[in-house]
Amino acid sequence: MKASEADILFIPGHRNSGDDHWQSRWQAKLSSARRVSQSDWENPVRDDWVGTIAETIQAAERPVVLVAHSLGIAAAIQALPLCGDKVAGAFLVSPPDMARPGAKSHELRKFGAYPREPLTFPSLLVASRNDPHGSYEHAGDIANAWGSLLVDAGESGHINPESGHGPWPEGTMVFAQFLSRLKA
């Protein structure tokens, strides 16, 4: 699949993705990309976030490729039962462990544990070995449950600007290869 054959939906996590974030940089370069905009980035409400993602996917006119980061993964995965068969693939980066003791905040814990059903489309999950919001073992466990290819990003933190991943050229190459293997 070519980028022009898909609606590429960027789904940021808590507090959105700023201008220096790899999601914002990639979105600016892809003409078929758009961001799922949440009404409140600071105080995420599970049902609101899930509903917004489901509505955006349902409104797409072409096959959808999800590009989700952090809390955006939890919301996107929970939206899938509401979306039919519009999703052609998912590129998932830095899944937080929402159910772990000491999770970031009460609002984020409300998203709960990830659904464990296998995904019905190809997916790739990129995880770091020192992500402060979720362990590599947790990422491997959910990748296995979903049937996702797990990509080891080494010690890359949360794969965001704070961990030195603004442009993230390695991620761009992995995404391009993933996209090229999807069927339109």
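Everything that follows concerns the structure shown earlier in this document.
Here the residue numbers are simple positions, counted from 1 along each chain's written sequence. This being a predicted model, a pLDDT of at least 70 is required before a residue's local features are given, and a value of 80 or more before pairs of side-chain atoms are given or counted; all residues contribute to the totals for chains, interfaces and linings. Excluding hydrogens and water, the side-chain values take into account all heavy atoms of the structure.

1. Some remarks on the sheet that holds strand β4 (residues 87-93)
Stated precisely, the cut-off is as follows: For two strands to be treated as a pair, DSSP must find at least two bridges joining them. Each helix corresponds to a stretch of at least 4 residues labelled H or I by DSSP, and each strand to a stretch of at least 2 residues labelled E; elements are numbered beginning at the N terminus. What counts as an axis is a line fitted to C-alpha atoms, over the stretch in contact for a helix, and the angles between N-to-C directions run from 0 to 180 degrees. Should any heavy atoms of two residues lie within 4.5 Å, those residues are considered in contact.
Read across the open sheet, the six strands follow the order β2-β1-β3-β4-β5-β6; overall the sheet is parallel. Because the sheet does not close on itself, it has two edges, and the strands there are β2 (33-35) and β6 (149-152). Geometrically, the sheet is characterised by an average inter-axis angle of 20 degrees between neighbouring strands, direction not taken into account. Sheet topology note: the strand β1 (residues 7-11)/strand β3 (residues 64-69) ladder contains five bridges and is parallel. Directly across from Ile 8, in β3, lies its bridge partner Val 65. Against the sheet, helix α6 (residues 169-180) contacts β1, β3, β4 and β5 (123-127), and its axis sits at roughly 160 degrees relative to β4.

2. Things to note about the packing of helix α2 (residues 46-59) against helix α3 (residues 71-79)
In plain terms, the rule: An angle below 35 degrees is read as roughly parallel, one above 145 as roughly antiparallel, one from 65 to 115 as roughly perpendicular, and any other as oblique. Throughout, a crossing is termed right-handed when the near helix is turned clockwise from the far one, and left-handed when it is turned anticlockwise from it by less than a right angle. Gly is put with the polar residues, along with every residue not named as nonpolar or charged; the nonpolar set is Ala, Val, Leu, Ile, Met, Phe, Trp, Tyr, Cys and Pro, and the charged set is Asp, Glu, Lys and Arg.
Running from N to C, α2 and α3 point in directions that differ by 70 degrees, and their axes come no closer than 8 Å. With respect to α3, the axis of α2 lies roughly perpendicular. Where α2 crosses over α3, the handedness of that crossing is right-handed. Contact residues: Arg 46, Trp 49, Val 50, Ile 53 and Ala 54 in α2; Leu 71, Gly 72, Ala 75, Ala 76, Gln 78 and Ala 79 in α3. When its residues are assigned to classes, the contact of α2 with α3 shows eight nonpolar, two polar and one charged.

3. Focus on the side chain of Gln 38
Put simply, the test is: What qualifies as a polar contact is a pair of N or O atoms within 3.5 Å, subject to a donor-acceptor requirement within protein and to the restriction that residues adjacent in sequence count only when both atoms come from side chains.
Considering the arrangement of structural elements, one finds Gln 38 in the loop between β2 and α2. Here the side chain of Gln 38 touches Thr 52 through a polar contact of 3.5 Å, side chain to side chain. In contact with Gln 38, other than residues within four places in its own chain, are Asp 48, Trp 49, Thr 52 and Ile 53.

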